[in-house]
Amino acid sequence: MSKQNETNLPPKYDPTAVEKGRYDYWVNGKFFEAKRDATKSPFTIVIPPPNVTGKLHIGHAWDTTLQDIITRVKRMQGYDVLYLPGMDHAGIATQAKVEGKLREQGISRYDLGREKFLEKSWEWKEEYAGHIREQWSKLGLGLDYSRERFTLDEGLSEAVREVFVQLYEEGLIYRGEYIINWDPATKTALSDIEVIYKDVTGHFYHMKYPLADGSGHIEVATTRPETMLGDTAVAVHPKDERYQHLIGKKVTLPIVGREIEIVADDYVDMEFGSGAVKITPAHDPNDFEIGNRHNLERVLVMNEDGTMNDNAGKYQGMDRFECRKQIVKDLEDQGVLFKIEEHVHSVGHSERSGAVVEPYLSTQWFVKMQPLADTAVALQNESDDEKVHFVPERFEKTYLHWMDNIRDWCISRQLWWGHRIPAWYHKETGEMYVGKEAPKDIENWEQDPDVLDTWFSSALWPFSTLNWPNKEDEDFKRYFPTNVLVTGYDIIFFWVARMIFQSKHFNDTRPFKDVLIHGLVRDAEGRKMSKSLGNGVDPMEVIEKYGADSLRYFLSTGSSPGQDLRFQWEKVESTWNFVNKIWNASRFVLMNLEGLKHEQIDLTGKKSVADEWILTRLNETIEQVTRNVDKYDFGEAARYLYNFIWDEFCDWYIEMAKLPLYGEDEQAKRTTRSVLAHVLDNIMRMLHPFMPFVTEEIWQQLPHEGESIVTASWPTVDPSLSNKDASNQMTRLVAIIRSVRNIRAEVDTPLSKEIPIFIEANSEEIKNQLEANRHYLDRFCNPSTLTIDTAMDAPDKSMTAVVSGAEIYLPLEGLIDIDKEIARLEAELDKLNKEVERVDKKLSNQGFVSKAPAQVVEAEKEKQKDYIEKRAKVKERIAELK
């Protein structure tokens, strides 16, 4: 695929042509495969596995682009990088998709049976895994496909069984009857964090329960009157004087006619409502706990699908909400319901189906969370070499807050697609057996029909993907713990916390060193993307229009760590313009290298001030880009890169390089070619993690060593190529040229028209430097005459500009308006006064001076001196004009 012998890029940048076939070249060349090279330090990122429920969205593109940038940088920095791909079976979501597809064919999973349904689910998985891999390739992700994993593959299933059995044997997994979150639509249990709470306008229904002895009644209220059919008590506070005489008495449950006891319990709030509460242990988590304390019966009145069961009497078979309407009418007819209040309350909805979640008594499997959470929280108090580092740090508080308020985790799901729970029940005795393997006399046993919550297997992802529980496996020993996890703040609870406590429990170590948290991709107006708003963005459409490099650069630089990102098409287009600028600059360089080979690049000879400046600025850019990339601040790294490439390399150095390239000095030509090749090569390397496709295309045509930029070394600072003095000289020349051009524009004098230019230098040294480089001033300022001196009388009626170390005069007789020039200088003076005031204030702040690095303080002092000098010159000029 190398095009090193070609000398030209096509005239027009076409991302489709540039990106075509390039990914196959990388994958077939095995450039992304981790080599277990003992001479290199390992570096691991495991991809947050996307669900095989559909295609990747723009959030996935952002998440994986950040991971890919990190791994590409580390690979170039000499690490043995493993970027491990994989996908999640996504139990509830995938099963819902497959069942939906079956419904379109007029059949259900029950028509097929479990085994046939699972075959259909695997077919779905294969189809969508293919779509996801195709999207990964379009994004250019440097994944090691030789190690790809799936949460239901045999190796991960072994890890899941190992964890389940060990936690069960430790008493940390148990089976019990509890109130759980039940989704009547998908007919499965949900964990607490799979429930989304929404404010809903409902009603408070106030009822009178008659005392069984006919002596009166007691008032209760509920938002779910259909559950009263399962009431087994009324509770009051033991210290509530209004009801102490009633404790132990009974009331008759309206409609049902069953007598239930009035019990005393500290849970009841005397100040809320009537101070009496109906107790429904099978349909409310708090009532369940009260029921346990008072040995109350648990009467379940609903079926799994949200319809009423035989305990609901005449309401049997009705939908729960239809039953509510009917029971309200019946209670009103009986005179029991005496008041209905409108009430806004928080109602749980299933994250997957959107159905209203029902608190429901069910026998489920649970993980006892407190011991695991305590260990994971304690980990954060360990040394920096042992704890998990959150980036930004504020998200550690989010994580710890959730861990401190944790409840036991319901891990069983009433599904077919997922990891089957490794528990069996004896057909005759009912005895339960839990083990990694099925009982030997399997014909006498029935396996638990439920599967495990998807997050149970996802929680093991950082180590199960590396062949755990075989701790002697070479990949596990080398690449675990992993280095970085990149994920959104919305799944810190779902996933990050669970990976941390499982890794700590089973491997006694953190699963990753750093967690880089990003936000959500929102639309241009800041709204969350959703199907209902129709504001989602397909990353493949963006790539089709502007290319993967433009999308990646926009995603990685459009937000700081932890913040949301607004997707704006115009910003992607602006990135495309940047790539196009790089393309055109690269074409110019390649067309002027004259067959230069890598071994012929020579930076030791005599260099111009422009050469010295661009090489110095390259060193400074390498330093800043590396520092910011290493701390995951890709936006700041890209800002330095952008400014260096566009403003300094393209707009200035390339233009100045044309002087020797088109001149007669052969030695100067050779040096300029070497500088152009060296700088462009380093630009490509720094840009490569952000824009892998276009940088590979250009780099392949530059004089280079190695097969691919993927495995090229990351740029490092070369102190021998830094010349601060030359850099300062060039900065002054650029400032003078800009000032002249700005003045010309202000008085509408085109560059093509020659004008006299006078430059007064502050010292002989600066004068000599300007004289030595006057060919740049001649070329880019177009003077009719150019006078450079240390002391001169300012020409009458001239425009002026003040730069560091010099003052510029442009006598423009007949073109200048004195009053306007005075007004301009006074505006400039005002600006300089504010800058002097700002820097004075900063340097008088002892906190800043004592805490800031010495070089930062020194830089501020230099600014102060420079502003004061400029201000004095401007004041002097105003006085002269007046």
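Procedures and definitions
- Residues numbered from 1 in each chain as written.
- Predicted model: local features only at pLDDT ≥ 70, side-chain atom pairs only at ≥ 80, totals over all residues.
- Heavy atoms only, no water.
- Helix = DSSP H or I, 4+ residues; strand = E, 2+ residues; numbered from the N terminus.
- Contact = heavy atoms within 4.5 Å.
- Pairing = 2+ DSSP bridges.
- Axes fitted to C-alpha atoms, helices over the stretch in contact; angles between N-to-C directions.
- UniProt positions renumbered as here; feature names shortened; annotations may be inferred.
- Buried < 20%, exposed > 50% of the residue type's maximum accessible area, 1.4 Å probe, protein only.
- Right-handed = clockwise from strand over helix to strand, strands pointing away.
- Salt bridge = Lys/Arg side-chain N within 4 Å of Asp/Glu carboxyl O.
- Domains from an automatic or database assignment.
- Patch = residues over 30% accessible without salt bridge, like charges linked within 9 Å, V, L, I, M, F, W, Y side chains within 5 Å.
- Areas by Shrake-Rupley, 256 points an atom, 1.4 Å probe, with all protein chains shown as cover.
- Lys, Arg positive; Asp, Glu negative; His and termini not counted.
- Charge placed at Lys NZ, Arg CZ, Asp CG, Glu CD.
- Polar contact = N/O pair within 3.5 Å; in protein donor to acceptor, adjacent residues only side chain to side chain.
- Parallel < 35°, antiparallel > 145°, perpendicular 65-115°, else oblique.
- Nonpolar A, V, L, I, M, F, W, Y, C, P; charged D, E, K, R; others polar.
- Arc of directions from axis to C-beta.
- Expected span 1.5 Å × (residues − 1).
- Phe/Tyr/Trp six-rings, centres within 6.5 Å; stacked < 30°, edge-to-face > 60°.
- Lys NZ or Arg CZ within 6 Å of the ring centre and 35° of its normal.

### Some thoughts on the environment of Leu 593
Topologically, Leu 593 is positioned in the loop between α18 (569–591) and α19 (609–630). Separated by 110 residues in sequence, Leu 593 and Pro 703 have C-alpha atoms that sit 9.1 Å apart. The residues touching Leu 593, leaving out its near neighbours within four places in the chain, are Arg 673, Ala 677, Leu 702 and Pro 703.

### Some remarks on the sheet that holds strand β20 (residues 445–447)
Taking strand neighbours across the sheet as the criterion, the 3 strands line up as β19-β18-β20 in an open arrangement whose pairing is antiparallel. Edge positions in the sheet fall to β19 (432–434) and β20, since each of these pairs with one other strand and no more. Strand-to-strand twist across the sheet, computed as the mean angle between neighbouring axes with direction ignored, equals 30°. The pairing of strand β18 (residues 423–426) with β20 spans 3 bridges and is antiparallel. Following the sheet pairing, Tyr 425 is matched in β20 by Glu 446.

### With respect to the UniProt feature "short sequence motif: 'HIGH' region" (unreviewed entry) in the protein
Listed under "short sequence motif: 'HIGH' region" (unreviewed entry) in the UniProt record, and renumbered for this structure, are residues 50–60. Here residues 50–60 is 27% helix and 0% strand, with 8 Å between the C-alpha atoms at its ends.

### A word on the pairing of strand β2 (residues 80–84)
Of all 5 residues in β2, 5 are buried; the element is thus mostly enclosed. When strand β1 (residues 42–46) meets β2, the two strands line up parallel, connected through 5 bridges. Note that in β2 the partner of Ile 45 across the bridge is Tyr 83. Handedness of the crossover is the feature at issue here: the chain leaves β1, passes through helix α3 (residues 58–76), returns alongside β2, and the resulting connection is right-handed.

### What about the pattern of salt bridges?
This model, assessed by the stated rule, comprises 52 salt bridges. Among the ionic pairs, Asp 68 bridges to Arg 552, the shortest N-O distance being 2.8 Å. With Asp 68 in helix α3 and Arg 552 in helix α17 (residues 548–557), this residue pair connects regions lying 484 residues apart in the sequence. The residues Asp 68 and Arg 552 share a single accessibility class, namely buried. Asp 475 is paired through a salt bridge with Arg 147; the nearest N and O atoms lie 2.7 Å apart. Of the two residues, Asp 475 is situated in helix α14 (residues 474–479) and Arg 147 in the loop between α6 (114–139) and β4 (149–150); the sequence distance between them amounts to 328 residues. For the pair Asp 475 and Arg 147, a shared accessibility class is recorded, and that class is buried. Sharing partners across several salt bridges, the network here consists of Glu 835, Arg 838, Lys 842, Glu 860 and Lys 863.

### Considering the domain arrangement of the protein
When the domains of the protein are assigned, the result is domain 1 (182–360), domain 2 (569–705), domain 3 (726–816) and domain 4 (819–881). For domain 1 versus domain 4, the separation of C-alpha centres amounts to 73 Å.

### Focus on a negative patch on the surface
Taken together, Glu 382, Asp 384, Asp 385 and Glu 386 make up a surface patch of like negative charges. The class for Asp 385 is exposed, based on a relative accessible area of 65%.

### Thoughts on the sheet that holds strand β27 (residues 783–789)
Taken in spatial order, the 4 strands line up as β27-β26-β29-β28 in an open sheet, and their pairing is mixed. This sheet does not close on itself; its edge strands, each paired only once, are β27 and β28 (798–803). Ignoring strand direction, the axes of neighbouring strands in this sheet form an average angle of 15°. Pairing of β28 with strand β29 (residues 806–811), which is carried by 6 bridges, proceeds in the antiparallel orientation. Along β29, the bridge assignment pairs Met 799 with Leu 810. The strands touched by helix α23 (residues 724–746) within the sheet are β26 (755–761), β28 and β29, with β28 carrying the most contacts at an inclination of about 150°.

### Examining the environment of Glu 358
Note on placement: Glu 358 falls in strand β14 (residues 358–367). Looking at Glu 358, its side chain comes within polar contact range of the side chain of Arg 320, at 2.7 Å.

### Considering the packing of helix α10 (residues 369–379) against helix α15 (residues 492–507)
A pair of packed helices is captured by two measures, namely the crossing angle of their axes and the spacing between those axes. The interhelical angle for the contact between α10 and α15, taken along N-to-C directions, is 90°, at an axis separation of 9 Å. Between α10 and α15, the interaxial angle falls into the category roughly perpendicular. Here α10 contributes Met 369, Leu 372, Thr 375, Ala 376 and Leu 379 to the contact with α15, which in turn contributes Ile 500, Phe 501, Lys 504 and His 505. For the contact of α10 with α15, the per-class residue count stands at 6 nonpolar, 2 polar and 1 charged.

### Considerations on unusual backbone geometry
With the exception of glycine, the majority of residues adopt a negative phi angle, and the majority of peptide bonds are in the trans configuration. Put simply, Val 391 and Pro 392 share a cis peptide bond, and its omega is -5°. The topology assignment puts Pro 392 in the loop between β15 (389–391) and α11 (395–404). Looking along the chain, the bond that leaves Phe 480 and enters Pro 481 is cis, with omega of 0°. You can see Pro 481 is positioned in the loop between α14 and β22 (482–488).

### A closer look at α11
Where α11 is concerned, the buried positions are Phe 395, Glu 396, Tyr 399, Trp 402 and Met 403. Mapping the buried residues of α11 onto a view down its axis gives an arc of 130°, with all of them on the same face. For α11, exposure combined with an orientation more than 90 degrees from the buried face picks out Lys 397, His 401 and Asp 404. Considering only its buried residues, α11 is in contact with α10, β15, α15 and β23 (512–518).

### Structural notes on the side chain of Asp 330
Relative to the assigned elements, Asp 330 resides in helix α9 (residues 320–333). Under the relative-accessibility criterion, Asp 330 is labelled buried at 11%. Side-chain polar atoms of Asp 330 contact the side chain of Tyr 315, separated by 2.6 Å. With residues up to four places along the chain from it excluded, the contact list for Asp 330 reads Ile 255, Lys 314 and Tyr 315.

### Regarding α9
Between its first and last C-alpha atoms α9 spans 20 Å; for 14 residues at 1.5 Å apiece the expected length is 20 Å, and the two agree. Taken together, the buried positions of α9 are occupied by Arg 320, Cys 323, Ile 327, Val 328, Asp 330 and Leu 331. End-on, the buried residues of α9 take up no more than an arc of 165°, which puts them together on one face. Pointing more than 90 degrees away from the buried face of α9 are the exposed residues Lys 325 and Asp 333.

### Examining the packing of aromatic side chains
Given two aromatic rings, one states the distance between the centres and the angle between the planes to describe the pair. Within this structure, the stated rule accounts for 46 aromatic pairs. Ring centres of Tyr 174 and Phe 366 lie 5.5 Å apart, and the angle between their planes is 15°; on these two criteria the pair is classed as stacked. Taken together, the residues span a long stretch of sequence, with Tyr 174 in strand β5 (residues 173–183) and Phe 366 in strand β14 at a distance of 192 residues. The burial state of Tyr 174 is the same as that of Phe 366; both residues are buried. Each ring, one from Phe 395 and one from Tyr 489, has its centre 6.1 Å from the other, and the planes form 15°; the classification is stacked. One end of the pair, Phe 395, is in helix α11; the other, Tyr 489, is in the loop between β22 and α15, with 94 residues separating them in the sequence. Through a chain of ring-to-ring contacts, the aromatic side chains of Tyr 23, Trp 26, Phe 32, Trp 136, Tyr 145 and Phe 693 assemble into a single cluster. A cation over an aromatic ring shows up here: Arg 72 above the ring of Trp 26, its NZ or CZ 4.8 Å from the ring centre.

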